[in-house]
Amino acid sequence: MSAGRILIIDDEPQIRRFLRVSLDAHGFEISEAANAKEALQSLTSDPPALIILDLGLPDRDGQALLPDIRAVSAAPVIVLSVRADEREKVRALDAGATDYVVKPFGMPEFLARVRAALRVRSGAEVAPAYHVGDLHVDIARHRVTLDGRVIRLSKREFHLLAVLVAHAGRVVTHAQLLREVWGPTHEEDTQYLRVYVGQLRDKLGDDPLKPRFIENEPGVGYRLIEP
Amino acid sequence: MKIFLGAAPGVGKTYEMLSVARRRRAEGVDVVVGIVETHGRRETEALLENLPVVPRRRFPYRGREFEELNLDALLTRKPQVALVDELAHTNVPGSRHEKRYQDVEELLDAGIDVFTTLNVQHIESLNDLVERITGVKVRERLPNHVLETADEIELIDLPPEELTKRLREGKVYVPEEAQRAVDNFFSRGNLLVLRELAMRMAVERVDADLQSYMQARAIEGPWPARGRILVCIGADAQAERLIRLGKRIADRRQLPWTVLHVQTSRAEELAEQQRERLQLAFTLADQLGARAESIHGSSIANEVLAYAAARNITEIVVGRSRRRLVQLRLRPALASVLIEGGSDFEITVASQPHEDVRTEAAAPGSVTPNRLRLRPYVESAIAVALAAGVSWVLDLYVQIGDLSLVFLFAVLISAIRHGLGAGLFAAALASLTFNFLFTDPRFTLRISDPEDLLSILFFLLVSVIGGNLAARLRTQMQITRDSAEQSGLLFDFSRRIAGAVSAEDLLRATCQYLTETLEFESIALRAYAGAGVGEAIGAAEPAPALIDIDRGAAEWAATHAEPAGWSTGTLPASWWLFAPLGTVQRPLGVIGLNLGAKHATLTPEQQRLYFAMRDQAATALERILLTEDVKRAQLVSESDRLRSALLSSVSHDLRTPLASIIGSATSLNELGDNASQSARRELASTILEEGQRLNRFVQNLLDMTRLGYGALKPNNDWCDLRELIGRARARLEEPLHEHRLEVTVAPEAEIIYADGALLEQVIVNVLDNAAKFSPSGSRIAVGANVQGEDLVITVTDEGPGIPPAERERVFDMFYRVRDRDQRRPGTGLGLAICKGFVEAMGGWIAVRAGQEGHGTRVEIALPRRDPPRNRLHEAA
């Protein structure tokens with residue numbers, strides 16, 4: 001059974017090959033494009049469920065291609081790049097990318113991101129509840145339990161957790177979190193985030209040295225670890 | 001250069017030049033016409049046919065258009081021989097050079113041979129002779145040194161009769177406005193004289209050629225050891241004539257020559273007009289090929305003799321000065337002193353022509369205006385009056401034998417303060433006053449007592465001698481003070497520029513000093529060999545603006561290593577006088593003074609000071625540039641060292657993991673299904689681990705380049721230090737798995753203001769090192785706490801430690817601590833990157849001994865900042 005079609009846009013045949021082999025083994029259907037032109041053709045002729053985009057394309061920069069992809073397709077986009085600079089990441093995420101993976105990467109991690117991205121696709125049914133290990137979050141009922149015990153969260157702490165849960169497994173940029181939790185005028189106030197994430201961690205018993213739930217991506221944002 | 005020399009216009013110089021040129025062209029020489037005036041002569045025009053011509057340059061000037069030699073086009077065309085007619089021609093203002101011969105010199109410098117024409121009356125040293133003989137003043141003059149650069153001078157001779165015939169036939173072009181003068185000029189007598197002069201010129205030239213030929217081949221000849229001719233000039237109308245005379249003598253004798261002016265204290269009081277005259281004389285001397293010098297001294301004769309003795313002078317030329325009766329009595333004429341004192345020298349005394357006397361007599365006020373200055377005399381009179389008063393009082397109360405001593409005092413004071421004139425005046429006045437007041441019969445000028453008469457006579461004598469001595473003392477003092485002042489200024493200047501570290505600093509300091517001392521706006525420009533001059537640097541920002549002609553002059557000065565611009569022969573239309581720093585081979589820069597804005601020229605002192613400062617600045621600039629060169633060379637060798645270290649590092653550290661990866665992958669491929677489950681897993685994890693190691697290495701190289709470009713701008717924000725340590729640990733899972741990692745972060749150190757990504761990389765590198773250098777199973781402790789103003793992160797391992805001597809060097813790029821057995825894997829970049837990153841974030845990193853002297857402790861300190869809690873609570 002096909003788990004959905006994935007379009008791989010990368011000019012490196014080797015990268016395409018191992019992605020194809022690996023994803024194929026996990027039941028995905030694969031189409032490939034070696035440049036921006038082929039990608040846009042493939043997008044319209046054969047709409048995929050997920051797009052994997054390399055930023056360093058021969059004919060156009062991936063960053064510039066993102067808005068065009070967004071114009072013709074609502075499918076989640078995972079950006080794949082050797083560019084490790086936080087600013088690049090934030091830029092891609094702000095331009096509509098669903099997630100950002102830096103090359104080189106391990107396949108298990110990558111597959112987790114793919115799954116998380118595909119879950120967003122079926123947005124409507126998405127997770128009113130989240131559970132990792134002994135942590136359960138019930139968004140609709142505003143209930144958080146850890147090992148069966150109810151955790152009391154302030155309104156803002158819960159709101160923050162809810163946003164992370166909505167994007168579980170994917171990185172949410174600082175700006176996005178601040179916008180959604182504190183409102184658009186606080187997009188720059190990253191120190192709020194740090195404090196609230198700290199409080200949230202304390203209450204959830206999460207060790208920042210070895211996070212189980214909330215992972216930091218310095219300079220980019222936070223991610224709720226995939227169930 | 002070949003000069004076709006003629007006695008007068010119309011003898012056929014241009015015709016001959018073109019004929020020769022055609023012959024050369026037929027021989028295959030690249031001959032090009034730069035500028036040839038045919039004056040409409042048909043035969044000449046016919047010769048021009050088939051010769052390549054560089055189009056002339058058109059100059060609009062005062063509403064008319066002039067055509068001049070297109071120097072730049074000719075320089076670009078670079079023929080073997082260029083034809084340039086009329087060497088003595090004066091260019092239209094606004095041309096690069098004032099005179100055509102300067103254009104020609106530039107052509108010659110560029111390696112282009114030049115054929116040119118010249119009429120004998122234009123030669124500078126013959127100028128006044130021609131003027132005297134023909135009565136025609138020739139304005140276009142050619143300095144003699146130009147003539148000396150000619151390889152060949154060909155005399156174009158035409159008997160006067162034939163020339164007159166050609167004139168009558170209208171074959172000679174004559175401008176109408178000059179018709180009358182020319183009629184006069186072309187008289188038979190004049191033509192004969194000019195022809196004679198031209199022939200003599202050519203013959204002298206042949207002589208000189210022969211002589212230098214014989215000397216060059218050590219053929220014995222009748223000439224004595226070479227000497228030098230010294231021409232002494234004053235700031236008077238005679239100077240120019242003396243210089244021309246000197247030139248003729250020097251030419252005849254085939255000797256180098258010097259023009260000397262001795263400045264006594266009085267020269268400082270020279271009138272503006274005289275100063276200018278001296279200036280002109282020096283310029284003329286320069287043009288005629290003399291060395292011009294001005295020296296200080298109290299006695300002209302002594303200075304001249306000393307100078308002559310020290311410089312192999314064989315002949316001295318002086319003018320006979322017009323003297324007043326009084327002066328004649330008091331001081332003998334310079335010429336006679338020289339003749340008496342200078343028995344070793346041949347001394348030529350030039351007589352003064354009458355008209356000069358007339359001009360000077362006609363304008364007595366202009367000669368020595370300081371004589372008209374009343375103040376010294378008034379003050380002297382006051383001094384004498386005071387002396388009289390004091391004497392009067394003394395006479396009333398005390399009986400003193402001789403009161404004349406009091407007057408002598410006044411005389412000496414006057415002489416010291418105001419010089420000899422005032423001293424003599426005071427002496428005369430004092431003797432009269434003394435006579436009037438104190439000798440019997442009193443209040444008359446009569447003297448009854450012969451003893452009094454004697455005493456007054458002696459008083460006069462003593463005061464004249466004393467006054468003279470005092471005045472001389474004053475002169476000496478003045479000179480000493482002046483030269484002390486100048487050397488003081490120079491010393492001050494050298495101190496000021498000694499502190500300059502960059503060429504720009506130095507040039508700016510030079511400008512400031514020039515502006516302060518000479519009181520002209522000044523400017524400096526760097527010059528580069530073959531690349532013109534750089535940006536203008538002024539005493540202050542912004543630098544004075546230069547127009548094209550100024551830059552042209554600056555460039556010319558730099559490339560030719562000669563002054564250019566205002567008051568020089570090159571581009572005098574520029575307001576700036578530029579003096580070069582450096583040589584033709586290695587131009588360093590130019591400094592310029594804006595003399596044009598004040599319509600000024602430099603006095604000899606200013607000039608001396610200017611050029612002395614120029615020399616000092618040039619030396620200092622050379623020093624700075626050399627230091628820069630050395631530094632650059634060091635940098636180059638340093639980067640060479642880094643490059644080779646990088647290469648060896650890349651070849652080793654990239655290849656090792658690649659070998660494992662390729663080996664494992666090929667094994668997997670080859671074994672295929674035969675591989676056991678565990679073997680397959682092992683090979684795969686080898687590939688993974690080695691790949692990750694490679695990735696860390698590449699990350700290091702990337703970080704290094706980020707640091708190297710200096711473009712690293714930390715993106716500081718509030719981060720949780722524990723998160724960063726956690727991420728670092730996760731990234732180093734494999735290298736760390738055999739160590740016990742203990743993390744203790746003090747609560748006040750949890751929140752840190754830093755660039756999270758950079759700090760994470762720092763922690764990764766330090767931890768990676770700790771893991772690499774300490775035995776497996778040992779403990780690695782990571783701690784963080786606040787120490788004063790710093791937040792300090794420590795990483796302590798239980799490895800072998802780093803010897804104190806090497807603790808600084810571990811942060812050098814590609815440095816590895818020497819190990820007893822072998823070298824550890826690693827790039828030697830890790831700690832260098834840490835240092836770069838930590839310093840970029842405003843902190844420091846250091847290596848110390850670990851606990852109880854064992855192992856290594858790395859300390860990373862970052863400035864501590866209080867997290868903005870208050871604002872947060874308001875917002876929340």
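The numbering scheme is per chain: residues are counted from 1 as the chain's sequence reads. Note on labels: chains are lettered from A, ligands numbered from 1, in written order. With pLDDT at 70 or above as the cut-off, local features in this predicted model cover only qualifying residues; side-chain atom pairs require 80 or more to be listed or tallied, and sums for whole chains, interfaces and linings still use all residues.

A few points about the overall build of chain B
In this description a helix means any DSSP run of H or I spanning at least four residues, a strand means any run of E spanning at least two, and both kinds are numbered starting from the N terminus. When its secondary structure is counted, chain B shows 28 helices and 24 strands. Expressed as a percentage of its 876 residues, the buried residues of chain B come to 37%. Once C-beta atoms are placed from the backbone, any two residues with those atoms within 7 Å are in contact. The contacts in chain B between residues at least 6 apart in sequence include a share of 67% that link residues at least 24 apart. Each residue is classified by how many other C-beta atoms fall within 10 Å of its C-beta atom, where C-beta atoms are placed from the backbone; a count of 20 or more means buried, 12 or fewer means exposed, and values in between mean partly exposed.

Details of the overall build of chain A
When helices and strands are tallied, chain A shows eight helices and 12 strands. Here chain A, with 227 residues, has 40% of them falling under the buried criterion. Sequence separation of 24 or more characterises 58% of the internal contacts of chain A that already satisfy a separation of 6 or more.

Describing the interface of chain A and chain B
Quoted interface sizes are often the accessible area lost when the parts come together. With 18 residues of chain A at the contact, the number on the chain B side is 23 residues. No other element matches helix α8 (residues 190-204) of chain A, which puts six residues into the side of chain A that touches chain B. Each residue gets one of three labels, nonpolar for Ala, Val, Leu, Ile, Met, Phe, Trp, Tyr, Cys and Pro, charged for Asp, Glu, Lys and Arg, and polar for the others, Gly among them. Partitioned by chemical class, the residues of the side of chain A that touches chain B number seven nonpolar, six polar and five charged.

Things to note about the sheet that holds strand β10 (residues 291-296) of chain B
Residues and elements named next belong to chain B. Criterion used throughout: strands pair if DSSP finds at least two bridges between them. Pairing is parallel in the open sheet, where five strands are placed in the order β10-β9-β8-β11-β12. Two strands in the sheet have a free side with no partner beyond their single neighbour: β10 and β12 (346-350). Pairs of neighbouring strands in the sheet enclose a mean axial angle of 25°, with direction left out of account. Note that strand β8 (residues 228-233) and strand β9 (residues 257-263) share five bridges and pair parallel. What sits directly across from V231, in β9, is V259. For helices, the fitted line uses only the C-alpha atoms of the stretch in contact; every axis is such a line through C-alpha atoms, and the angle between N-to-C directions lies from 0 to 180 degrees. Strands in contact with helix α14 (residues 334-341) are β11 (313-319) and β12; relative to β11, the strand with the most contacts, it is inclined by about 160°.

Concerning the confidence of the model for chain B
All names here are of chain B. Every residue carries a pLDDT, the predictor's confidence in it, which falls somewhere between 0 and 100. Confidence in the prediction for chain B averages 79 pLDDT; 85% of positions are at 70 or higher. Looking across chain B, the model is least confident in helix α15 (residues 354-362), with a mean pLDDT of 38, and most confident in strand β22 (residues 790-796), with 93. Confidence drops under pLDDT 50 across residues 819-823; counting only partners more than four residues distant or on other chains, this segment forms two contacts. Among the scores for the predicted complex, ipTM is 0.72 and pTM is 0.43.

Re the pairing of β11(B)
Residues and elements named next belong to chain B. Counting buried positions along β11 yields six of seven residues, so the element is predominantly enclosed. Note: β11 against β12, five bridges, orientation parallel. Residue E315 lies in a different strand from β12, and its bridge partner there is E346.

A look at the sheet that holds strand β6 (residues 129-132) of chain A
Pairing is antiparallel in the open sheet, where four strands are placed in the order β6-β7-β8-β9 (chain A). Where the open sheet ends on each side, the last strands, each with one partner, are β6 and β9 (149-150) of chain A.

A closer look at the packing of helix α12 (residues 300-310) of chain B against α14(B)
Residue and element names in this part refer to chain B. Two elements in contact, α12 and α14, have axes whose closest approach is 9 Å; the angle formed by their N-to-C orientations is 45°. It follows from the interaxial angle that α12 and α14 lie oblique. Crossing of α12 against α14: the hand is right-handed. On the side of α12, the interface is formed by I300, A301, V304 and L305, while α14 contributes L334, V337, L338 and G341. Tallied by class, residues from the contact of α12 with α14 come to seven nonpolar, one polar and no charged. Roughly parallel here means an angle under 35 degrees, roughly antiparallel means over 145, roughly perpendicular means 65 to 115, and every remaining angle is called oblique. Handedness of a crossing follows from how the near helix is turned relative to the far one, being left-handed for an anticlockwise turn of less than a right angle and right-handed for a clockwise one.

Focus on α8(A)
Residues and elements named next belong to chain A. With 15 residues, α8 ought to run about 21 Å at 1.5 Å a step, and its terminal C-alpha atoms sit 21 Å apart, in line with that. Buried within α8 we find Y192, L193, R194, Y196, V197, L200, R201 and L204. Just downstream of α8, G205 is the residue with a positive phi angle, here 65°. To estimate the expected span of a helix, count its residues, drop one, and scale the result by 1.5 Å.

With respect to unusual backbone geometry
Generally, phi is negative for residues other than glycine and the peptide bonds are trans, each holding for most cases. Residues and elements named next belong to chain A. With an omega dihedral of -5°, the bond running from K103 to P104 counts as a cis peptide bond. As for its placement among the helices and strands, P104 is situated in the loop between β5 (99-102) and α5 (107-121). Phi at H142 takes a positive value of approximately 55°, unusual for a residue other than glycine. Counting through the fold element by element, H142 comes out in the loop between β7 (135-138) and β8 (143-146).

Brief notes about the pairing of strand β3 (residues 50-54) of chain A
The side chains of a regular strand alternate between both faces of the sheet. Residues and elements named next belong to chain A. In terms of burial, β3 is a largely internal element, five of the five residues being buried. Here four bridges tie strand β1 (residues 5-9) to β3, and the two strands are oriented parallel to one another. The residue of β3 that forms the bridge with I8 is I52. As paired strands, β3 and strand β4 (residues 77-81) are joined by four bridges and run parallel to one another.

Notes on the environment of D866(B)
Residues and elements named next belong to chain B. Within the element layout of this structure, D866 appears in the loop between β24 (856-863) and α28 (869-875). The exposed category is assigned to D866, around which 9 C-beta atoms lie within 10 Å. Each C-alpha atom, one on D866 and one on I751, is 8.9 Å from the other, the two residues being 115 residues apart in sequence.

What about the packing of helix α16 (residues 375-397) of chain B against helix α18 (residues 420-438) of chain B?
All names here are of chain B. Orientation of α16 relative to α18, taken along the N-to-C sense of each, is 30°, at an axis distance of 9 Å. Our classification of the angle between α16 and α18 gives roughly parallel. The two elements α16 and α18 cross, and the hand of that crossing is right-handed. Residues P376, Y377, S380, A381, A383, V384, A387, A388, S391, W392 and D395 of α16 touch α18, and the partners they reach there are G421, A422, F425, A426, L429, A430, T433, L437 and F438. Tallied by class, the residues present in the contact of α16 with α18 amount to 15 nonpolar, four polar and one charged.

Comments concerning the environment of Y528(B)
One can find Y528(B) in the loop between β13 (522-527) and β14 (533-538). As a C-alpha pair, Y528(B) and P587(B) span 59 residues in sequence and 6.1 Å in three-dimensional space.

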